[in-house]
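A look at the structure
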Amino acid sequence: MLKMDEGKTTADLIAAMQATTTPEWLTATGGPGVAMPAGVSNATIEMEEGNYVLICVIPDAQGVPHIAKGMMKTLTVAGAQAEKVEEPEADITVDVKDFSFALSKAVTTGSHVFRTNNEGEQDHEAVLVQLMPGKTVEDFLGAFEPGAPPGPPPGVFVGGMQAMADGMHGYFRADIVPGNFVLLCFVPDEAGGAPHFALGMVEEFTVQ
Amino acid sequence: MIRKVIGVSAAALAVFAVTACSNGNDSEAPTATSIPAASTATVAAPTATAAAPAATPTAAALNTPAATATGTPAPSGTPGAESGAAAFTAVDHSFAGPDTIPAGVTEFTLTNGGQEPHHM
């Protein structure tokens, strides 16, 4: 999700995309991570009043991001909740910095609430992937390299937190089963464009 | 900022070599023709790495139990969010859900009713 400064609309967003500019009037606020077909993902975020736009930028087989196929929706946040909702209680914290992840404790089997804190100076995300048995994160990321053999990458996306601006935090819930997992940040670096995972934002962990 | 945000998907999302379909539910939303694919791809792919694998992995591909993001699927026709919860549904390629929610701590759920992976 993106928050748009007052007076800005999705038309401005579209114009900015066409001009490939970098508007300062957009703020990444986080959002539910990747939901596979028939799946569900979640994110809990404190929302301020204002105008937001929900977008999906996953590309299709031709490399066209879904947003370019119309996958965006405006959302207005206005007024107050009838009864104030408290932030959830997390049992695992993921501190995200430039350019690393730090888990507060070992992840175990079961249902967890992860609190994601962006303590860096850039936007970051925490994409949670369960790797196929016997596969490594190198195998997974290698599936994206030019010349990689055709076929799906050896892992499944199981939610996480979409990109959020520095200083922000949010929560996501996940039911964890035994296996090998990795947290990744795919946000491109502000200075050069390399995806943050290439700068070290890769955190593997195994759940017994 | 938009390059950062949209670039999120560049590599990540090159993962999702998937197929296409029709438009969304936002009257201001762009169409495939309103945003040239070439320029969009430039915005979305700041790195030179991303070759798109040919298919999206599924939980079955793990050959083992899969972890899941949890959440209550969105009921159809969700009118809005009144109690700190906002449910959205993604299909190929649009979102459905409330247009307005109150400020405060909000749990968003995204139910994917499409054939492709989606996020929000």
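Residues numbered from 1 in each chain as written. Chains lettered and ligands numbered in written order. Predicted model: local features only at pLDDT ≥ 70, side-chain atom pairs only at ≥ 80, totals over all residues. Heavy atoms only, no water.

**Brief notes about the overall build of chain B**
- A tally of helices and strands in chain B yields 2 helices and 4 strands.
- The linear arrangement of helices and strands in chain B, starting from the amino end, is α-α-β-β-β-β.
- For chain B, with 120 residues in total, the buried portion stands at 53%.
- Within chain B, contacts between residues separated by at least 24 positions form 51% of all contacts whose residues are at least 6 apart in sequence.
- Per element, the accessible surface of chain B, about 4400 Å² overall, is 58% carbon and sulfur. (Helix = DSSP H or I, 4+ residues; strand = E, 2+ residues; numbered from the N terminus. Buried < 20%, exposed > 50% of the residue type's maximum accessible area, 1.4 Å probe, protein only. Contact = heavy atoms within 4.5 Å. Areas by Shrake-Rupley, 256 points an atom, 1.4 Å probe, with all protein chains shown as cover.)

**Some remarks on the overall build of chain A**
- Scanning chain A from N- to C-terminus turns up 2 helices and 13 strands.
- Scaling as 2.2 N^0.38, a compact globule of 208 residues should have a C-alpha radius of gyration of about 17 Å, and chain A matches this with 17 Å.
- Its C-alpha atoms give chain A principal-axis dimensions of roughly 50 × 45 × 35 Å.
- In chain A, buried positions account for 56% of the 208 residues.
- Sequence-distant contacts, at least 24 apart, represent 65% of the contacts inside chain A between residues at least 6 apart.
- Just so you have it, chain A exposes about 7700 Å², and 49% of that area is on carbon and sulfur atoms.
- Side chains of chain A give 10 positive and 28 negative charges; the mean places of these two sets differ by 6 Å. (Rg over C-alpha atoms; globule rule 2.2 N^0.38 Å. Lys, Arg positive; Asp, Glu negative; His and termini not counted. Charge placed at Lys NZ, Arg CZ, Asp CG, Glu CD.)

**So, the environment of B:T89**
- With respect to the secondary-structure elements, B:T89 resides in strand β2 (residues 85-91).
- B:T89 sits 23 residues away from B:N112 along the chain, and the two C-alpha atoms are 5.9 Å apart.

**Focus: the sheet that holds strand β10 (residues 155-164) of chain A**
Residue and element names in this part refer to chain A.
- Taken together, 4 strands build an open sheet; the order of strands is β10-β9-β12-β13 and the sheet is antiparallel. Whereas interior strands pair on both sides, the edge strands pair on one side only; in this sheet they are β10 and β13 (202-207). Going across the sheet, the axis of each strand differs from the next one's by a mean of 15°, ignoring polarity. (Pairing = 2+ DSSP bridges. Axes fitted to C-alpha atoms, helices over the stretch in contact; angles between N-to-C directions.)

**Thoughts on the environment of A:I67**
Residues and elements named next belong to chain A.
- Inspection of the secondary structure assignment puts I67 in the loop between β4 (50-55) and β5 (72-80).
- Owing to a relative accessible area of 0%, I67 belongs among the buried residues under this scheme.
- C-alpha separation for the pair I67 and C56, spaced 11 residues apart in sequence, amounts to 5.5 Å.

**Observations concerning the nonpolar core**
- Of all hydrophobic cores here, the largest spans 73 residues; its most connected members are A:L128, A:I176, A:L184 and B:F108.
- The biggest single contributor to this core is β10(A), with 6 residues. (Core = buried A, V, L, I, M, F, W, Y, C linked by side-chain atoms within 4.5 Å.)

**A short note on the packing of aromatic side chains**
Residues and elements named next belong to chain A.
- A complete count under the given rule lists 5 aromatic pairs over all chains for this structure.
- Summarising the aromatic geometry, the rings of F186 and F197 are spaced 5.3 Å apart at their centres and angled 70° between planes, so their arrangement reads as edge-to-face. Of the two residues, F186 is situated in the loop between β12 (179-184) and β13 and F197 in the loop between β12 and β13; the sequence distance between them amounts to 11 residues. The same class applies to F186 as to F197, namely buried. (Phe/Tyr/Trp six-rings, centres within 6.5 Å; stacked < 30°, edge-to-face > 60°.)

**Description of the confidence of the model for chain B**
Residues and elements named next belong to chain B.
- Confidence in the prediction of chain B, expressed as mean pLDDT, is 58, and 35% of residues score 70 or more.
- Here residues 1-57 is modelled with pLDDT under 50, and outside its nearest four sequence neighbours on either side it reaches 195 contacts, counting other chains as well.
- Note on the complex model: pTM 0.81, ipTM 0.94. (pLDDT = per-residue confidence, 0-100.)

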